[in-house]
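One letter stands for each residue in the lines below.
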Amino acid sequence: MLNKISIENFRGFRSLQIEDCKNFNLIIGKNNVGKTAFLEALFLHIGSTNPELPTRINLFRGIGRILASAESMWSPLFYNFDAGLKITIYSMEIKYKERKLEIRLASRDSVKLLRPKEKREKGTEVSVLTSTTPPDRIELKYYNPQNEYTIAYAIIDEDGIRFENPRNSDMNGIFVISKGKGGGREDSERYGQLDSKGKTQDILDILKRIEPRLKRLLTVPIALGSDVHGDIGLGRSLPVQLMGEGTTKLLSLSLAITAVPNVIVLIDEIENGLHYSVMKDVFEAIIELANKYNVQIFATTHSNECVRSFFDAFNVLKSKELSVIRLDRVDDEITAVPYDLEALSTVFETGWEIRG
């Protein structure tokens, strides 16, 4: 479980620190304050040895084409689009395991300049990187808890993008994006894996919270794979997508939580597709499922009803493992304001607006 997170020079974050993370962490704040960017930074950190991820999060944002240069392709990742900066994403677990990811643009012919020996005036900055050719790659340098590092690259050349030195990550993470409709290939594969192990009852139980008619789930072969169908007593099964957005979203969430033990699940706009009247009941089920599978969750929301429903659900379950983190923009800096259950209780009793 991550306890402390630090992000530097990523997207709109010049420097952001969050401490005392819980099992469940709800990220709130106004539009364009960095809620989704925070999840993206964590996604990169969890998959620090996978050089495909900087390109994949562009796809999450709807940027689907390969641009002409490394700088134009990846500069949106850097603070103020300054591709000369170095992104640093750091985490510490409760047991004091530290990890760090450094991301920068580089080229084959890059050389480091050593700081001159002569004493410089205070405040003078010395460049530490120059290049005889424009950058052609993004470099991911990852330090594991033993402080050993590996380097992986995504490189732009005449054939497109190629990846060098990818490795399996020592952390497991799943990103459930807000624009995803759910019920697709990944959900089918995850459900099929659970079904082969006889471990689908948890999924069925949680979906019954919003679709009481549901009798069973099954995978149905289609041309390029399979779909998850549900039997609600109509004489034939239906694709889950036809059972409503809430059912489809909840299927994706529950499969993400149960897919891999000890995983970190990132959920953008967790309330999407869920009616406010079922939120508390659904969130109780999600919390219980996450605890059962030892999953840590970071989720974003715009909804005050969502925050209140989580607060009520945690009180019912008598758990203190909820942290609500509000991101605020002050001048050009984004800061984090944490709320624990005691602080949330005061907020709701006084009627304050928590979302910023």
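Our subject is the structure that appears above.
Residues numbered from 1 in each chain as written. Predicted model: local features only at pLDDT ≥ 70, side-chain atom pairs only at ≥ 80, totals over all residues. Heavy atoms only, no water.

J.: Please set out the sheet that holds strand β12 (residues 238–239) residue by residue, giving values where relevant.
T.: Strand order in the open sheet made by the three strands is β10-β11-β12, with antiparallel pairing throughout. Whereas interior strands pair on both sides, the edge strands pair on one side only; in this sheet they are β10 (216–222) and β12. Pairing analysis gives seven bridges linking β10 to strand β11 (residues 225–231), with the strands arranged antiparallel. Each residue of the ladder has a partner; that of Pro-221, found in β11, is Ser-226. (Pairing = 2+ DSSP bridges. Helix = DSSP H or I, 4+ residues; strand = E, 2+ residues; numbered from the N terminus.)

J.: A description of the sheet that holds strand β14 (residues 296–300) should follow, citing residues and the corresponding values.
T.: Through backbone hydrogen bonds, the strands of a sheet pair up, either in parallel or in antiparallel fashion. Pairing is mixed in the open sheet, where six strands are placed in the order β9-β13-β14-β3-β15-β16. Lying at the two open borders of the sheet, with one neighbouring strand each, are β9 (173–176) and β16 (333–339). Between one strand and the next, the sheet's axes are offset by a mean angle of 20°, whatever the strand orientation. Here β9 runs beside strand β13 (residues 264–267); their pairing, made up of four bridges, is parallel. Bridged to Ile-174 within β13 is Val-265. (Axes fitted to C-alpha atoms, helices over the stretch in contact; angles between N-to-C directions.)

J.: Give me the pattern of salt bridges: which residues, what numbers.
T.: Opposite charge on two side chains permits pairing when their charged atoms draw close. Per the stated rule, a full pass over the model turns up 22 salt bridges. With its nearest N and O atoms 3.7 Å apart, the salt bridge here joins Glu-186 to Arg-190. With Glu-186 and Arg-190 both in helix α4 (residues 185–196) and four residues apart, the pair spans about one turn of that helix. The closest approach of N and O atoms between Glu-211 and Arg-213, which form a salt bridge, is 3.0 Å. The exposure class of Glu-211 is buried, given its relative accessible area of 8%. Look at the salt bridges and you will find they share partners, linking Lys-86, Lys-100 and Glu-102 into a network. (Salt bridge = Lys/Arg side-chain N within 4 Å of Asp/Glu carboxyl O. Buried < 20%, exposed > 50% of the residue type's maximum accessible area, 1.4 Å probe, protein only.)

The quantities given are spatial measurements derived from coordinates; they are silent on function.
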